[in-house]
Amino acid sequence: MAIRDGIVAWLGSDDVGRDQFADADVVDLDGAFVAPAFVDSHIHLTATGLTLSGLDLRAATSRQHCLQLIADHAAAHPEQIVWGDGWDESTWPDNTPPTTADLDDLLGERPAYLARVDVHSALASSALRRQIPDLPTAAGFADQLPLSGDAHSLARAVARDQLTGTQLAEARAAALDAAARAGIVAVHECAGPGIGGLTDWQELRATEHGVDVIGYWGEAVTSAARARELLAETGAHGLAGDLFVDGSLGSHTAWLHRPYTDAPHCIGDCHLEPDAVAAHVRACTQAGVTAGFHVIGDAAVTAAVDAFEQAVDELGVVAVARCGHRLEHLEMVTAEQAAKLGAWGVIASMQPNFDALWGGDQNMYARRLGVERARQLNPFALLASQGVPLAFGSDAPVTGLDPWASVRAAAQHHNPDSAVSVRAAFAAATRGGWRAAGVRDGLTGTMTPGAPASYAVWDAGELEVSAPSNAVQRWSTDPRSRVAALPRLSHTEALPRCRQTVHRGAVIYG
């Protein structure tokens, strides 16, 4: 491959290349695997960095282990608020999170904020709770249990204000460095007033790094004029991302048509009423701006699909399709809804590692919803079959920055009927992310002459030409087959390790 001025200038056999470009600087990759770099279509960079550089509770294997990790971190950082992320009681033997009293016994008068893995509920110590006068009257308040809903939002905002500027800057840099190490050259930052706020987003935009940050601002509007103003004020790429219609399944806050199996009196939370969802889609479509929402539960998905349908009826399918509207997560969707989304050009920004973590007949999804509903979650094959463009991401810090794990999870879905091929999953994690951001030149995200030289170099094992799961896998690295080979991604083999990441011809890692 020959690269000139950050562009792939030529691709071909080794002997011809050395003859054609005799004066070039030659880099011998010694048998490494080279592929288009990844794009993460949904991330929260500052929160990810705080997890990388701070208290990561995803390693906790029990309630007691979680408390020990909190105690160890607090002892090592005596002058800071105890901020942590990632605990998941659904994987613990007793399925029970720590209580407020447990935190107080450990921490005394120190404020502590500890988000659940989905970041839709959190443990909060009494010292932090006392700083929020209106907390006991907020929706989602519980004295000893994790805070959810409005109560969680209040606690998170107060806790975040106690993080120093240095902590936040280091966190952003750590997250961007981690993305580059993972072979990622662009991320879709899902920002908003209820996530990190405008200051965090502006400081993130001002951070110089080789990884592109494509921002979405999750704030609802009711007029085209306000949509344009808000885009100008924020510098965001669209009014989408985590504009919350609902919450998460793990925290019982995803909005459902039927109650949770393990909480029969609960159908979750509606954070944005259907009329407001419809108004936002209409305003953004009139302004030619990307709209989008966080939707997980089937009631939330219905509200979003109905809103797009109203916009199609009023403004026409072309007006809707040209905007590149998107839905984040989209875990519960019917075949009829998928067909409509495909016809309207609505993009599904999804996280395959959700199924890897919580799918299957014995895990969190099945406990929350029952086996029958759980098996229908994250239906990648259904959406792809109906022409819905797929873009894959991590939702970090909810899951780790590991794009190959996402590709494997999509291809090895717990429900085989919902899986897509490795090739389709890889496309969703590379070209799909660029297309979701409006880059539709047919070149970006590929390795063909004329494309930006954005690629990663990997230490990988055996390569195979991907075929449908019901066909024989064809073993070949022969370029004459014109079908790209990809690493084998079985659970018995190590995932590829990134050796170098290059973006537009510049090395950003390695």
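These notes cover the structure that comes with them. (Residues numbered from 1 in each chain as written. Predicted model: local features only at pLDDT ≥ 70, side-chain atom pairs only at ≥ 80, totals over all residues. Heavy atoms only, no water.)

### A word on the overall build of the protein chain
And then number 1: Within the protein chain one finds 20 helices and 20 strands.
And then number 2: Rg of the C-alpha trace for the protein chain: 23 Å, near the compact-globule value of 24 Å for 510 residues, within the 12% margin.
And then number 3: Taken over the C-alpha atoms alone, the protein chain extends approximately 75 × 55 × 45 Å along its principal axes.
And then number 4: For the protein chain, the residues scored as buried account for 55% of the 510 residues in total.
And then number 5: Across the protein chain, every contact between residues at least 6 apart in sequence was considered, and the portion connecting residues at least 24 apart equals 72%.
And then number 6: Total accessible area computed for the protein chain in this model is approximately 21,200 Å², and 50% of it derives from carbon and sulfur atoms.
And then number 7: Each charge sign in the protein chain was given a centre, from 36 positive and 61 negative side chains, and these centres are 4 Å apart. (Helix = DSSP H or I, 4+ residues; strand = E, 2+ residues; numbered from the N terminus. Rg over C-alpha atoms; globule rule 2.2 N^0.38 Å. Buried < 20%, exposed > 50% of the residue type's maximum accessible area, 1.4 Å probe, protein only. Contact = heavy atoms within 4.5 Å. Areas by Shrake-Rupley, 256 points an atom, 1.4 Å probe, with all protein chains shown as cover. Lys, Arg positive; Asp, Glu negative; His and termini not counted. Charge placed at Lys NZ, Arg CZ, Asp CG, Glu CD.)

### Notes on a nonpolar patch on the surface
And then number 1: Residues Met1, Ile3 and Leu11 make up a contiguous nonpolar surface patch of roughly 250 Å² in combined accessible area.
And then number 2: Topologically, Ile3 is positioned in strand 1 (residues 2-4).
And then number 3: Residue Ile3 is classed as partly exposed on the basis of its relative accessible area of 36%. (Patch = residues over 30% accessible without salt bridge, like charges linked within 9 Å, V, L, I, M, F, W, Y side chains within 5 Å. Salt bridge = Lys/Arg side-chain N within 4 Å of Asp/Glu carboxyl O.)

### Considerations on the pattern of salt bridges
And then number 1: Counted according to the given criterion, the structure contains 24 salt bridges.
And then number 2: Residues Asp102 and Arg63 are paired through a salt bridge, measuring 2.4 Å at the closest nitrogen-oxygen approach. Within this pair, whereas Asp102 is found in helix 4 (residues 100-107), its partner Arg63 is found in helix 3 (residues 63-76), the two being separated by 39 residues in sequence.
And then number 3: The class for Asp102 is buried, based on a relative accessible area of 16%.
And then number 4: The exposure class of Arg63 is partly exposed, given its relative accessible area of 24%.
And then number 5: Between Arg368 and Asp262 there is a salt bridge whose closest N-O contact spans 2.8 Å. Placement of the pair is Arg368 in helix 15 (residues 364-369) and Asp262 in the loop between helix 9 (224-234) and helix 10 (274-287), with a sequence separation of 106 residues.

### Let's talk about the side chain of Ser349
And then number 1: Among the structural elements, Ser349 can be located in strand 14 (residues 347-350).
And then number 2: Exposure remark for Ser349: the relative accessible area of 0% places this residue in the buried category.
And then number 3: A polar side-chain atom of Ser349 sits 3.4 Å from a polar atom in the side chain of Arg326.
And then number 4: One polar contact links Ser349 to Glu328, side chain to side chain, over a distance of 2.7 Å.
And then number 5: Not counting residues within four places of it along the chain, the set of residues in contact with Ser349 comprises Ser41, His42, Arg326, Leu327, Glu328, His329 and Ala391. (Polar contact = N/O pair within 3.5 Å; in protein donor to acceptor, adjacent residues only side chain to side chain.)

### Let's talk about helix 19 (residues 422-429)
And then number 1: Among the eight residues in helix 19, six count as buried, and that is most of the element.
And then number 2: Among all positions in helix 19, only Val422, Ala425, Phe426, Ala427, Ala428 and Ala429 are buried.
And then number 3: Where helix 19 is buried, its residues contact strand 3 (33-36), strand 4 (38-43), strand 15 (390-392), helix 18 (403-411), helix 20 (431-436) and strand 18 (485-487).

### Overview of the pairing of strand 10 (residues 184-191)
And then number 1: Across the eight residues that make up strand 10, a large majority, eight, are buried.
And then number 2: Note that strand 10 and strand 11 (residues 212-217) share six bridges and pair parallel. In the strand pairing of strand 11, Cys190 is matched with Tyr216.
And then number 3: Handedness of the crossover is the feature at issue here: the chain leaves strand 10, passes through helix 8 (residues 197-205), returns alongside strand 11, and the resulting connection is right-handed. (Pairing = 2+ DSSP bridges. Right-handed = clockwise from strand over helix to strand, strands pointing away.)

### Considerations on the side chain of Ser406
And then number 1: By the secondary structure assignment, Ser406 is in helix 18.
And then number 2: The residues contacting Ser406, other than those within four sequence positions of it, are Pro352, Asn353 and Gly393.

### A look at the pairing of strand 6 (residues 82-87)
And then number 1: Among the six residues of strand 6, six are classified as buried, and the element is accordingly described as predominantly covered.
And then number 2: Relative to strand 6, strand 5 (residues 55-56) runs parallel, the two sharing two bridges. In the strand pairing of strand 6, Asp56 is matched with Asp85.
And then number 3: Each parallel crossover has a hand, and the one from strand 5 via helix 3 to strand 6 is right-handed.
And then number 4: Of the strand pairs in this sheet, strand 6 and strand 7 (residues 112-116) are connected by five bridges, and their pairing is parallel. Note that in strand 7 the partner of Gly84 across the bridge is Leu114.

### Topic: the packing of aromatic side chains
And then number 1: Going through the model one piece at a time under the given rule, you end up with 13 aromatic pairs.
And then number 2: Their ring planes at 70° and their centres at 5.5 Å tell us that Phe38 and Phe426 sit as a pair that is edge-to-face. A residue pair is termed long-range when its members are at least 10 positions apart, and Phe38 in strand 4 and Phe426 in helix 19 qualify at 388 residues.
And then number 3: Since its relative accessible area comes to 1%, Phe38 is described here as buried.
And then number 4: Judged by its relative accessible area of 8%, Phe426 is buried. (Phe/Tyr/Trp six-rings, centres within 6.5 Å; stacked < 30°, edge-to-face > 60°.)

### Notes on the nonpolar core
And then number 1: Counting residues in each nonpolar core, the largest one holds 83 residues, and the members touching the most others are Phe293 and Leu341.
And then number 2: Broken down by element, the residue count for this core peaks at ten residues, all from helix 11 (residues 298-315).
And then number 3: Once residues lying within four places of it in the same chain are set aside, the contact partners of Phe293 are Gly241, Leu243, Val245, Leu272, Val277, His280, Val281, Ala304, Phe308, Arg326, Leu327 and Glu328.
And then number 4: By size, the runner-up hydrophobic cluster in this structure holds 36 residues, among which are Ala115, Ala124, Ala138 and Leu369. (Core = buried A, V, L, I, M, F, W, Y, C linked by side-chain atoms within 4.5 Å.)

### Re the sheet that holds strand 14
And then number 1: Strand order across the open sheet formed by four strands is 12-13-14-15, with parallel pairing between neighbours. One side of each edge strand has no neighbouring strand; the edge strands of this open sheet are strand 12 (292-295) and strand 15. Within this sheet the neighbouring strands show an average axis-to-axis angle of 20°, counted without direction.
And then number 2: Relative to strand 14, strand 13 (residues 326-329) is paired through three bridges, and the arrangement is parallel. Within the sheet, the bridge partner assigned to Leu327 lies in strand 14 and is Ala348.
And then number 3: Running at roughly 160° to strand 12, helix 11 makes contact with strand 12 and strand 13 of the sheet. (Axes fitted to C-alpha atoms, helices over the stretch in contact; angles between N-to-C directions.)

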